[in-house]
Structures are given as structure tokens and as C-alpha cells.
Amino acid sequence: MENHIHFIAQSDDLIKHIKSFKSWTARSILDHLQEQNADFLLRQFAFNKKAHKIQSQYQLWQEGSHPQLIMDEMMLRQKLEYVHQNPVKRGYVACAEHWRYSRASYYAGLPGLIDEFAGW
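Residues numbered from 1 in each chain as written. Predicted model: local features only at pLDDT ≥ 70, side-chain atom pairs only at ≥ 80, totals over all residues. Heavy atoms only, no water.

**Points about the packing of helix α1 (residues 14-35) against helix α2 (residues 39-47)**
Two measures define how a pair of helices packs: the angle their axes make with one another and the distance between the axes. At a minimum axis separation of 8 Å, α1 and α2 run at an interaxial angle of 140 degrees. Regarding the angle of α1 to α2, the classification is oblique. Along this stretch, α1 crosses α2, giving a crossing that reads as left-handed. Across from L30, L33 and Q34 in α1, the residues of α2 making contact are L41, L42 and F45. Here the contact of α1 with α2 is built from residues that sort into five nonpolar, one polar and no charged. (Axes fitted to C-alpha atoms, helices over the stretch in contact; angles between N-to-C directions. Helix = DSSP H or I, 4+ residues; strand = E, 2+ residues; numbered from the N terminus. Parallel < 35°, antiparallel > 145°, perpendicular 65-115°, else oblique. Left-handed = near helix turned anticlockwise from the far one by under 90°. Contact = heavy atoms within 4.5 Å. Nonpolar A, V, L, I, M, F, W, Y, C, P; charged D, E, K, R; others polar.)

Structure (C-alpha cells):
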């Protein structure tokens, strides 16, 4: 989505790994924007930086995260369906499999942008 991300992950320290993911992706995106002289976007990220964030000039990700423990296969399927239907509900595509950044195509047996791990 253009303003948020949903993903399903497993980790022995999920909070730590989400923080690391957000840090790495923010640095990569900001470096790319600086290389491309994308001043408009960089000004937006600078404007949105929280006042107490003195270690950085920009803020790409919103503070915090909302991890939820997936208790069983039924809940996993419900979460997958929610994630896959998000761009459909927003009106971006008519079918979840058509959203290029979704894994819905993989679960429908269609090719996607990257391989998927489904070894549950």
C-alpha cells in the first residue's frame, strides 16, 4: 500500500527484527531519494520527523508497530486474506492477484515478483 505495510513474519525476537527492518528500509529508501534528488519527498519526511528524534533528519516510518500473535492455521489464513484483500478494498485492483506487491498471486498458483516460502 502507499502508506502502510502488512506482513506475516516469524522470529524469536519479532520486535527487534521489525525495528531492524524499519531501520534498514528507511535508510535504503532515504539514500535512494537523496541520490535521485527527490527534494519534495525528502522535505515531507523531514517535516514529519518527530521533534524528539534528534539522531535523524527524516522520519519515514511511523513510530511503533502492531504485531499480533498468530495462534493457529485458521488465524493465519484470516490474516493472509486480510492482507491480500487490502488493495481490493482500497479500489486499486478488482482482484487481489492483480496487486503486484501482494503474495495473493502465489497462493493462487500464479507467478509473482519473488518466490514465497510456504513451508508451514
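**Focus: the packing of aromatic side chains**
Inspection of the entire model under this criterion finds five aromatic pairs. With a centroid separation of 6.1 Å and an interplanar angle of 45 degrees, the aromatic rings of F21 and W61 are classed as tilted. With F21 in helix α1 and W61 in the loop between α2 and α3 (73-89), this residue pair connects regions lying 40 residues apart in the sequence. Between W99 and Y101, the ring centres sit 6.1 Å apart and the planes meet at 75 degrees, which makes this aromatic pair edge-to-face. For Y101, a relative accessible area of 61% translates into the label exposed. A connected cluster of aromatic rings, assembled from ring pairs, spans F7, F21 and W61. (Phe/Tyr/Trp six-rings, centres within 6.5 Å; stacked < 30°, edge-to-face > 60°. Buried < 20%, exposed > 50% of the residue type's maximum accessible area, 1.4 Å probe, protein only.)

**A look at the environment of Q85**
If you trace the backbone, Q85 turns up in helix α3. Along the primary structure Q85 and R43 are separated by 42 residues, whereas in three dimensions their C-alpha atoms are 32 Å apart.

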